[in-house]
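# Structural features, examined
Here is what each chain is made of, one letter per residue.
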Amino acid sequence: MSKKIAVFPGSFDPITLGHRAIVNKAYDLFDEIVVAIGENSSKKHYFSLEERKQHLEAVFAGKDKVTIATYSGLTTDYCKSIGATYLIRGLRDGKDFEYEKSIAIMNSQLKNGVETMFFMTDAEYSAINSYIVRDILKHGGDASAFLPNEVLKLL
Ligand code: ADP
């Protein structure tokens, strides 16, 4: 049987406790989870690609089935190129749902063989947003309630 590979794509600028919890929820369902940073040249990032990759590698160091990658271009093309047939996305609220719904349906209409699986965030992480974390960090605030310890150590 072929390996069941899932891609969890995102900016991870930076990875938060919310992202980590989504990977943990999905962990037992797949043979491999590729946490993949999408390189989007038109988007300005707070942490460099290399820093974000380092954060992810530190957070998932103990998880055998998790690998970290970067990609550019269409997410579904990337999935195809590595033989992944599932996409993982996290949902915090109705806004996430509305946004993700259109992308998932359009992807499925493209018949590219990639199915999106959604995982509901835990209540305690439902307000965590990388954008707000970046704002806190930019202004020298304390973001330790929102970030994994491995990331805090690297800041
Ligand atoms: P993007 O730039 O594509 O939105 P993000 O890095 O912000 O990428 O998020 C990647 C995925 O993680 C998305 O599916 C997003 O909904 C999910 N996510 C972000 N924050 C949380 C959270 N606190 N709890 C659960 N899922 C989350």
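What comes next is a walk through the structure. All residue numbers here refer to positions counted from 1 along the written sequence of the relevant chain. Local features in this predicted model are restricted to residues of pLDDT 70 or higher, and side-chain atom pairs are both shown and tallied only at a pLDDT of 80 or more, whereas totals for entire chains, interfaces and linings draw on every residue. Water and hydrogen atoms play no part in the side-chain values, which are based on all heavy atoms of the structure.

Here we come to the overall build of the protein chain. Runs of H or I in DSSP of at least four residues are treated as helices and runs of E of at least two as strands, each being numbered from the N terminus. Summing up its helical and strand segments, the protein chain has 6 helices and 5 strands in all. Shown N-terminal to C-terminal, the secondary structure of the protein chain runs as helices and strands in the order β-α-β-α-β-α-β-α-β-α-α. For a compact globule the rule gives 2.2 Å times the number of residues to the power 0.38, and the radius of gyration it is set against comes from C-alpha atoms. Here the C-alpha radius of gyration of the protein chain, 15 Å, is about what a compact globule of 155 residues would show, namely 15 Å. Projected onto its principal axes, the C-alpha positions of the protein chain cover 45 × 35 × 30 Å.

A separate point is helix H4 (residues 94-109). To estimate the expected span of a helix, subtract one from its residue number and multiply by 1.5 Å. Compared with an ideal rise of 1.5 Å per residue, which puts 16 residues at 22 Å, H4 spans 22 Å between its outermost C-alpha atoms and is within 8% of the ideal. Burial here depends on accessible area, computed with a 1.4 Å probe over protein chains only, as a share of the maximum for the residue type. Under 20% is buried, over 50% is exposed, and the range in between is partly exposed. Looking at H4, one finds that the buried residues are Asp96, Glu100, Ala104 and Asn107. Nitrogen and oxygen atoms within 3.5 Å of one another constitute a polar contact, given that in protein one can donate a hydrogen and the other can accept it, and given that sequence-neighbouring residues count only through two side-chain atoms. A side-chain oxygen of the first residue of H4 lies 3.2 Å from the backbone nitrogen of Lys95; this N-cap is Asp93. Positive backbone phi, at 50°, marks Lys111, one or two positions downstream of H4.

The next point concerns helix H2 (residues 49-59). Each full turn of the α-helix corresponds to 3.6 residues, which orients residues three or four apart in the same direction. Taken together, the buried positions of H2 are Arg52, His55, Leu56 and Val59. Relative to the axis of H2, the buried residues are bounded by an arc of 95° and lie together on one face. Elements in contact with the buried residues of H2: helix H1 (17-26), strand E2 (32-39), strand E3 (66-72) and helix H6 (149-154). Summarising the geometry, the arc corresponds to the directions from the helix axis toward the C-beta atoms. For this analysis, residues touch if any pair of their heavy atoms sits within 4.5 Å.

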